[in-house]
Amino acid sequence: MENNFETGVKSNDAAATVYADDYLNKLSGEKIERECRRRLDAGCKTLTVNFADTHIVNSSGVSILLGVIDAAADAGAKIVFSDVKNETVELFEMLGLTNHVEVVPESWQEVTESYK
Amino acid sequence: MENQQKLIHTFGALAEIGSEIAQKQNFQQMMRTSLHLLLGSLAIMRGGIARFSRFGHELNMIVVRGLGDEFPLSMNLCDEDERQFLTNGSFPIEVAQAKVLPFFQIYDQSFDKKKIELLVPLVVRDEIVGVILLGEKANGAGYSAYDKEIVGAMARHIGVGIAQRNLLAELERRAAENRQLYDNLRMTYQDTVKAFAAAIDCKDKYTEGHSVRVGKYSEIIARELGWGENETEGAAVAGYLHDVGKLTVERNIINSPMRINAKESAELNKHPAVGYEILMPIHHPFADVPLAAKYHHERLDGRGYPDGLIDREIPYIAKIVNLADSFDAMTTDRPYKRRRPANEVVEDLQRNAGRQFSPELVTAFFKGMLKELTGETKEKRFRRLLGRDYMEAEGIVPMLKNALNGLDGTSSLTLISLD
């Protein structure tokens, strides 16, 4: 198990959790997208984006998350948004992101364990 | 509650896109951010922005998101497509409506494969600047009238961003063209000046090349004074053209092998004023050129001509040309006088600093000579004009150094020795 807190990532071979910043905009979103694509390219089959620290997601952030969802679908990987704040859950539901991604409140370990 | 959240989200995107377009940042980056904001505002799964090239009549994709590698990066438009887009303006067109467009029929499969649902022509000031292609929404619903309003508003911002970029590119192109034209004009002007100088010098077989040399000496002085490129070029031009008035003086007076009489002298002395009359109507890039012609025979002590001006009354450029002109007269053979040795010339200039010549200019001139003789500069400006042997005469270097010590601190504006 690799713990790489500097880049906001926890991962093993099949599962990875990427941690989003407090404000998910274009800048921080692109950082997450790069990391997610890197993990998917490495063969990750369960990708979790952790929103525990995230308070705001703007339109650029939504667009980038859609890109991550698309990339995961292309790679045949499961994608989960975890620890999402209620307001953000409402936003994702309203925009229809929840049609493509599972939004769960559990911590990273519980989520990844459940998909093993 | 949901509506309120939707409003906040979409208007936030609209505000951000406005601010993004207003910032003069990297165009590609601006388009990338704009596409993110547009897609994210309504959670649109994929899309792209294409810029219209009116030269190639084609749409070139600038940024894409989720369209994959197989989606065409360039799409040709025909007149009918362009006409329809212009008539439509920047309002979203649903794919079902767009199917009648000739362009759509060519790229139908690509659009279908990527589930493109909406086309938004970008029309600014009755010109097509691009098109936005949008795929399906993440919630699976079609685009509502409200969605189309939002898309239309954001598309208009993006259109303005592209139009601004086009305008800037056009301005840059025109500026480059203007620079080229200006350079050509300047070269033509320089060639004309040199042709004039050659014409002036042709008239006087004994002083062949005089105007050109005076131009070059004036340039040296200006450089030593620390003048900029433009001003230095102006000094050179003033030197080249200082004797243009001689074109109207009888050839036999100019070419007289002996000292001319008073009448002939009076005729010859008209050349500064005539030169001024010739040069004045010309729009020179350097305003002082006619003044240099008119006053290059004035002296600091007021004993020059045509107006007997003293020091401050004499235009600075005329003082430069006067020194260059006198130096050339002393260092070239004349019909009635051989060129004088370098040491005598240095002595003469030093002695007449404050009387005929501005000490400040004599100092600059001597410094230029000394730099060349001591190897401080690799340029061979004086050697080329005067010949190596003449310039390297024994004792010149210490003489110049002494002269410079003597001239140091002397102001051209205060030292006037009236005999």
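Definitions and cut-offs
Residues numbered from 1 in each chain as written. Chains lettered and ligands numbered in written order. Predicted model: local features only at pLDDT ≥ 70, side-chain atom pairs only at ≥ 80, totals over all residues. Heavy atoms only, no water. Helix = DSSP H or I, 4+ residues; strand = E, 2+ residues; numbered from the N terminus. Buried < 20%, exposed > 50% of the residue type's maximum accessible area, 1.4 Å probe, protein only. Contact = heavy atoms within 4.5 Å. Areas by Shrake-Rupley, 256 points an atom, 1.4 Å probe, with all protein chains shown as cover. Axes fitted to C-alpha atoms, helices over the stretch in contact; angles between N-to-C directions. Parallel < 35°, antiparallel > 145°, perpendicular 65-115°, else oblique. Nonpolar A, V, L, I, M, F, W, Y, C, P; charged D, E, K, R; others polar. Expected span 1.5 Å × (residues − 1). 1 Å grid on protein atoms, 1.4 Å probe; cavity = no way out; pocket = protein on both sides within 12 Å on 5 of 7 lines; lining within 4 Å. Points joined across faces, edges and corners; volume = space filled by probe spheres on them. Phe/Tyr/Trp six-rings, centres within 6.5 Å; stacked < 30°, edge-to-face > 60°. Lys NZ or Arg CZ within 6 Å of the ring centre and 35° of its normal. Domains from an automatic or database assignment. Pairing = 2+ DSSP bridges.

Draft legend 1. Structural context of the overall build of chain A. Within chain A one finds 4 helices and 8 strands. Element order for chain A, N to C, with α for helix and β for strand: β-β-β-β-α-β-β-α-β-α-β-α. Buried positions account for 55% of the 116 residues belonging to chain A. Residue pairs in contact within chain A that sit at least 24 positions apart in sequence constitute 68% of those at least 6 positions apart. Accessible surface, chain A: about 5,300 Å² in total, of which carbon and sulfur atoms supply 46%.

Draft legend 2. How the structure looks around the packing of helix 1 (residues 26-41) of chain A against helix 2 (residues 59-74) of chain A. All names here are of chain A. Running from N to C, helix 1 and helix 2 cross one another at 5 degrees; their axes reach a closest spacing of 9 Å. Taken together, the axes of helix 1 and helix 2 are roughly parallel relative to one another. Together, Lys26, Gly29, Glu30, Glu33, Cys36, Arg37 and Leu40 of helix 1 and Ser60, Ile64, Gly67, Val68, Ala71 and Ala72 of helix 2 make up the contact between the two elements. By residue class, the composition of the contact of helix 1 with helix 2 is 6 nonpolar, 3 polar and 4 charged.

Draft legend 3. Spotlight on the environment of Glu35 of chain A. Residue and element names in this part refer to chain A. Here Glu35 lies in helix 1. On the accessibility criterion, Glu35 (10% relative accessible area) is buried. Residues Glu35 and Asp70 lie 35 residues apart in sequence; the distance between their C-alpha atoms is 14 Å. Residues within four places of Glu35 in sequence aside, it is in contact with Val9 and Val18.

Draft legend 4. Helix 7 (residues 210-224) of chain B, seen in detail. Residues and elements named next belong to chain B. Here helix 7 contains 15 residues, and its C-alpha end-to-end distance of 21 Å stays within 8% of the 21 Å for a straight helix at 1.5 Å per residue. For helix 7, a buried count of 11 out of 15 residues is recorded, marking the element as mostly surrounded by other parts of the structure. Among the residues making up helix 7, those that are buried are His210, Ser211, Arg213, Val214, Gly215, Tyr217, Ser218, Ile220, Ile221, Ala222 and Glu224. Two residues or fewer past helix 7, Gly226 is found with a positive phi of approximately 85 degrees.

Draft legend 5. Representation of the layout of surface pockets. Residue and element names in this part refer to chain B. Estimates place the volume of the largest pocket at around 1,100 Å³. Forming the boundary of the largest pocket are 37 residues, of which Arg259, His297, Ala329, Arg334 and Tyr336 lie nearest the centre. Among the elements that take part in the lining of the largest pocket, helix 13 (residues 316-331) stands out by supplying 5 residues, more than any other. Taken together, the residues that form the lining of the largest pocket break down as 12 nonpolar, 13 polar and 12 charged.

Draft legend 6. Local environment of the packing of aromatic side chains. All names here are of chain B. As enumerated under the stated definition, the model contains 16 aromatic pairs over all chains in all. Summarising the aromatic geometry, the rings of Phe327 and Phe382 are spaced 6.3 Å apart at their centres and angled 85 degrees between planes, so their arrangement reads as edge-to-face. One end of the pair, Phe327, is in helix 13; the other, Phe382, is in helix 16 (residues 381-386), and 55 residues separate them in sequence. Taken together, the ring pairs in this structure connect Phe71, Phe85, Phe103, Phe104, Tyr107 and Phe111 into an aromatic cluster. Sitting over the face of the ring of Tyr276, Lys294 holds its NZ or CZ atom 4.6 Å from the ring centroid. Between the NZ or CZ atom of Arg339 and the centre of the ring of Tyr390, over which it lies, the distance is 4.0 Å.

Draft legend 7. Spatial organisation of the domain arrangement of chain B. What the domain assignment lists for chain B is domain 1 (2-173) and domain 2 (204-407). Here domain 1 of chain B and domain 2 of chain B have C-alpha centroids that lie 68 Å from each other.

Draft legend 8. Structural context of the pairing of strand 2 (residues 58-65) of chain B. Residue and element names in this part refer to chain B. Two elements, strand 1 (residues 47-53) and strand 2, share 7 bridges in a ladder whose sense is antiparallel. Across the sheet, residue Ser53 finds its bridge partner in strand 2, namely Glu58. Hairpin connection, strand 1 to strand 2: the antiparallel pair is bridged by 4 residues, and His57 has positive phi, about 50 degrees. Both strand 2 and strand 3 (residues 74-76) contribute to a ladder of 3 bridges, which runs antiparallel. Within strand 3, the residue paired with Glu58 across the bridge is Asn76.

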